Amino acid sequence: MGLLSDPNRRRALTKLLTRLNAPICVMCYLAGVAWFMGLAFEPFTLRTYMSENAMGSTMVEERFPAGERALATGREFAAHKKKVGGMPVDWLVKTMQSRGLEVFTQSFTRKLPFPDENKERYMVRGTNVYGILRAPRAPRTEALVLSAPCSEGNNNNQAVGLLLGLAQYFRSQIHWAKDIIFLVNEHDLIGMQAWLEGYHHTNTTGGDWSPLQGRGGSIQAALSLELSSDVITSLDLVLEGLNGQLPNLDLANLFYAFCQKIGVLCTIQGKLQRNDWDTTSGYSHAAQTMMLMVLKQASGRPWGDHGLFLRYHIEAASIRGINSFRQYKTDTTTIGRLLEGMYRKLNNLLERLHQSYFFYLMPSLSRFVSIGYYMPAFGLLAVILLLRALDLWVQLGASPPGTEDGVAGGVQPSSPGVLSILTPVVISHMTGVALYTLPILSQEMAVQHFPVSETEAVVLTAIAIYTAGLALPHNTHRLLQGEGTEEGWRVLKLVALLYLAVLLGCTALINFSLGFILALSLVPIAAFITPHTPKALSAAIMVLLSPGCTLLYCVFVFQELQETPVSLQDGWMLFLSVISQGILDHALYGSLVYPLLALLIYPCWLLLWNILFWK
């Protein structure tokens, strides 16, 4: 307190802070990036371990014998699906009933806000079929779910066949203490959303579905199965759910433990684990795996049917069969035994999975990075905003030049008016509201006046509004009529820095990957942009680091990490597709990424853009 109350010491601290502020900020930024990249280095990660005592051992004898019969059932399912041109509801009901399950159906209808050109659908109608195996040794207050989506064409027929085979096998076992629900959902995520809302008596997305006639207990865990080949070379574990949610780490540990026990090749992000961590190629492989997880989590979209379970606090994951060039082969019987072992261990749970981590990154299935290790990387970036805000606050509170003891020796500079600060803030957020609402509301008018489809109208309108925001400084100055002052832009930047710091901090707590990616691009321009920097160069840098360009870069980086590089034209088309899917994910499932970018991040960037062109 004495340091701050003494004028001489306060003046010395002010000079030190002003002189070293920029070097400290640069060092923090480089340290944050280096910290994040170091997370993929194996000595800096933790080895996975089972925290839940009820699942601590894999001493379960798996006896599932009916792999070939499951494949035959899958081929029969495919024939009936082709015959009826969609979900063979009657055949599924009859088949599940023959296996001793209580069978129910649920019909649903969903009209999309605009056509989904990726899957060529607009008005979606379908039926979910599910069968319940009642627990013979418990009061039926808890349940487990095994689901398989009914996909178009020849996709996922083997998964449905294996699901029905497991249902028949589980029916002959007497040790189940939880209900087991076998679900075949139509239209992937839309059908799964309808079923989950019907099961929990909620309707958060405005869908139209029939009430469920049968329910099990409270769902403790769920697995979604995706198999599209009779022979599998490896099983890929998909964890990323809606809005970046992840299941409890013990669920991933359980999958990895049984893969090791049974001898199944397992991957995460489609990449095998390597043991040469101390080599450059080994580190690069782990870094690519971790960055793929970061990009998927930052997208906020569910990367499998399991992703919608997580919003109901149900631990879930998707297991995806991959048939690649590898010589190692796994038959359906082995996969069935792996699932049997996992459900036997989940059946032993006395409470929900909660003892392990919910916030983590995984450079491999055997290593993970906990929240305590990766948050300092974001903290080093976020502290830059606070340092720059503190520097501005000190400058605003310092006495003007040519004064003594705080008494002005000349004309006192005018203080910034409230209007000069409030106007850019209001206009920026009004632009964000327009970016959020107008693309869907104006699609019909755009289709009538321009030769574009509804989807193209939505995407192009969003891009047009985003680009029109660049004219904000000109419009703001016309409204202000010369009220801008030197202190005005400093106050506005102080507000923008604190606003961005709170915004990124809250985002990182919910979805670290999204918060970190946004911080990488927004923190440099927020820290160093002023009206006195070269306009052309600074404007180019701000546009290149804007949220829209950051999304474009992520598209190309994601394709490179997946080892499927694309050309500039194909990358641009993927970028447009990502925009349309982001808007659809928000409307259909409640993804928060699009409203976050449109209503908060983009207006904050516009404030910084207004500071650059301050008059």
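Residues numbered from 1 in each chain as written. Predicted model: local features only at pLDDT ≥ 70, side-chain atom pairs only at ≥ 80, totals over all residues. Heavy atoms only, no water.

Under an unreviewed UniProt entry, the name given to the chain is GPI-anchor transamidase component GPAA1, and the organism recorded is Oncorhynchus kisutch. Quoted straight from UniProt, the Subunit (unreviewed entry) entry for the chain says "Heteropentamer. Part of the GPI-anchor transamidase complex, consisting of PIGK, PIGT, PIGS, PIGU and GAA1. Interacts with PIGK." Per UniProt, the chain carries the Pathway (unreviewed entry) text "Glycolipid biosynthesis; glycosylphosphatidylinositol-anchor biosynthesis." (UniProt positions renumbered as here; feature names shortened; annotations may be inferred.)

## Examining the overall build of the chain
Along the chain, the regular secondary structure elements total 20 helices and 12 strands. Computed over its C-alpha atoms, the radius of gyration of the chain comes to 28 Å, within 12% of the 25 Å expected for a compact globule of 615 residues. Here the chain holds 615 residues, and the buried ones make up 53% of them. Working note: accessible area of the chain is about 27000 Å², and carbon and sulfur atoms make up 61% of it. Positive and negative side-chain charges of the chain, numbering 45 and 44 respectively, have mean locations separated by a distance of 3 Å. (Helix = DSSP H or I, 4+ residues; strand = E, 2+ residues; numbered from the N terminus. Rg over C-alpha atoms; globule rule 2.2 N^0.38 Å. Buried < 20%, exposed > 50% of the residue type's maximum accessible area, 1.4 Å probe, protein only. Areas by Shrake-Rupley, 256 points an atom, 1.4 Å probe, with all protein chains shown as cover. Lys, Arg positive; Asp, Glu negative; His and termini not counted. Charge placed at Lys NZ, Arg CZ, Asp CG, Glu CD.)

## Examining the side chain of Thr333
Counting through the fold element by element, Thr333 comes out in helix 9 (residues 332-347). Here Gly67 takes part through its backbone nitrogen, which lies 3.2 Å from a polar atom of the side chain of Thr333. (Polar contact = N/O pair within 3.5 Å; in protein donor to acceptor, adjacent residues only side chain to side chain.)

## A look at the confidence of the model for the chain
Per-residue confidence for the chain gives a mean pLDDT of 88; residues scoring 70 or more make up 93%. The low-confidence segment residues 402-411, where pLDDT is below 50, has four contacts with residues more than four positions distant or belonging to other chains. (pLDDT = per-residue confidence, 0-100. Contact = heavy atoms within 4.5 Å.)

## Thoughts on the pairing of strand 5 (residues 179-186)
Here strand 5 lies mainly inside the structure; eight of its eight residues are buried. The alternating pattern of strand 5 places Asp179, Ile181, Leu183 and Asn185 and Ile180, Phe182, Val184 and Glu186 on opposite faces, both of which are buried. The pairing of strand 3 (residues 121-133) with strand 5 spans five bridges and is antiparallel. Considered in strand 5, the bridge of Tyr130 is made with Leu183. The sheet contact formed by strand 4 (residues 142-150) and strand 5 spans eight bridges and is parallel. Bridge pairing in strand 5 places Ala143 opposite Asp179. Of the crossover connections in this fold, the one passing from strand 4 over helix 5 (residues 157-171) to the parallel strand 5 is right-handed. (Pairing = 2+ DSSP bridges. Right-handed = clockwise from strand over helix to strand, strands pointing away.)

## Considering helix 11 (residues 418-441)
With 24 residues, helix 11 should reach 34 Å at 1.5 Å per residue; the first-to-last C-alpha distance of 33 Å fits that figure. Where helix 11 bends most, at Leu435, the angle is about 30°, and the proline Pro439 comes one to four residues later. Among all positions of helix 11, only Ser420, Ile421, Thr423, Pro424, Ile427, Ser428, Thr431, Gly432, Ala434, Leu435 and Pro439 are buried. (Expected span 1.5 Å × (residues − 1). Bend = angle between axes of the 7 residues up to and from the residue.)

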